[in-house]
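Below, each chain spelled out in residue letters.
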Amino acid sequence: EMTSAFNKALRQRGYQLLLADLDDDPSREAEYLELFRKKDVDGVVAWQIASSESMIDFLSSRGFPFALIATRHPQACSAVIDEKGAAEIAVAHLKALGHRRIGFIGPGDQEHFPQSRLPFIQKALASTGLPSSRGIFFDTSTSGGWTYAAQRLIGAAERPTAAIVHNDDLAIRIVAHLIDLGFEVPDDISI
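Residues numbered from 1 in each chain as written. Predicted model: local features only at pLDDT ≥ 70, side-chain atom pairs only at ≥ 80, totals over all residues. Heavy atoms only, no water.

### Examining the overall build of the protein chain
Link 1 in the chain: Helices and strands together make up the secondary structure of the protein chain, namely seven helices and six strands.
Link 2 in the chain: Mapped from its N terminus to its C terminus, the protein chain presents α and β elements in the order α-α-β-α-β-β-α-β-α-β-α-β-α.
Link 3 in the chain: Based on the C-alpha atoms only, the size of the protein chain along its principal axes is roughly 55 × 30 × 30 Å.
Link 4 in the chain: Relative to its 191 residues, the protein chain shows a buried fraction of 34%.
Link 5 in the chain: For the protein chain, contacts bridging at least 24 residues in sequence account for 52% of all contacts bridging at least 6.
Link 6 in the chain: Of the roughly 11500 Å² of accessible surface on the protein chain, 51% is carried by carbon and sulfur atoms.
Link 7 in the chain: When the 19 positive and 25 negative side-chain charges of the protein chain are each reduced to one mean point, those points stand 4 Å apart. (Helix = DSSP H or I, 4+ residues; strand = E, 2+ residues; numbered from the N terminus. Buried < 20%, exposed > 50% of the residue type's maximum accessible area, 1.4 Å probe, protein only. Contact = heavy atoms within 4.5 Å. Areas by Shrake-Rupley, 256 points an atom, 1.4 Å probe, with all protein chains shown as cover. Lys, Arg positive; Asp, Glu negative; His and termini not counted. Charge placed at Lys NZ, Arg CZ, Asp CG, Glu CD.)

Right, here's the structure in full:
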């Protein structure tokens, strides 16, 4: 939907869309940056990139107009959701349902994944008086990825009764995995 909307808006203004999918492969970044240079693109919209100083440096140094979507960066024009507000809404909703031990599943390593929503969730939990210790956060950026994080969640000594998941795609995987393991969602754990 987003690609279609970009394409329509660009065509109305006389531009063509050149779509490049990095597929979470950093080695492809250099290929596409070279393509951008060769094609003399007029601008770049980068959507959900990991911390990519080389891409931002390249675009800045070449004078390319660019904007980031769903990615925070202090030196770039960024369009992101209100993650603080979203975390507060999610925590308030789960607390209203009676949950007092709420976990988080997603990337927690902010050095390598600055888009982590962990700090927003921690602040929202702390502001409502709920536990916000690292023990209820299950990092998907560690060895074993999301399946290991899900295993740690259900195997926790004091298992959370609910978990906030980094994004919808990951939440769908977690729910399917929990169901495969025999858990009832949301009866055994709310996601």
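### A word on the pattern of salt bridges
Link 1 in the chain: Under the criterion given, the structure shown has three salt bridges.
Link 2 in the chain: E88 serves as the salt-bridge partner of K84, at 2.8 Å between the closest nitrogen and oxygen. Highlighted residues: K84 and E88, both in helix α4 (residues 83-96), separated by four residues, approximately one helical turn.
Link 3 in the chain: Ionic pairing is found between R173 and D169, a salt bridge with its closest N-O pair at 2.7 Å. Pair noted here: R173 and D169 are both in helix α7 (residues 168-180), with a separation of four residues, about one helical turn.
Link 4 in the chain: Since its relative accessible area comes to 36%, R173 is described here as partly exposed.
Link 5 in the chain: Note on D169: relative accessible area 45%, which makes it partly exposed. (Salt bridge = Lys/Arg side-chain N within 4 Å of Asp/Glu carboxyl O.)

### Details of the sheet that holds strand β4 (residues 102-106)
Link 1 in the chain: Taken in spatial order, the three strands line up as β5-β4-β6 in an open sheet, and their pairing is parallel. Only two strands of the sheet have a single partner each, and these edge strands are β5 (137-139) and β6 (162-165). Between one strand and the next, the sheet's axes are offset by a mean angle of 20°, whatever the strand orientation.
Link 2 in the chain: Relative to β5, β4 runs parallel, the two being bridged by three bridges. Looking at the pairing, F104 lines up with F137 of β5.
Link 3 in the chain: Relative to β5, helix α6 (residues 145-155) is tilted by about 155°, and along the sheet it contacts β4, β5 and β6. (Pairing = 2+ DSSP bridges. Axes fitted to C-alpha atoms, helices over the stretch in contact; angles between N-to-C directions.)

### So, the sheet that holds strand β3 (residues 78-79)
Within a sheet, neighbouring strands are paired by backbone hydrogen bonds and run either parallel or antiparallel to one another.
Link 1 in the chain: Ordered in space as β1-β2-β3, the three strands form an open sheet in which the pairing is parallel. Strands with a single pairing partner mark the edges of an open sheet, and in this sheet they are β1 (44-47) and β3.
Link 2 in the chain: Bridging between β1 and strand β2 (residues 66-69) involves four bridges; their strand directions are parallel. Considered in β2, the bridge of V44 is made with F66.

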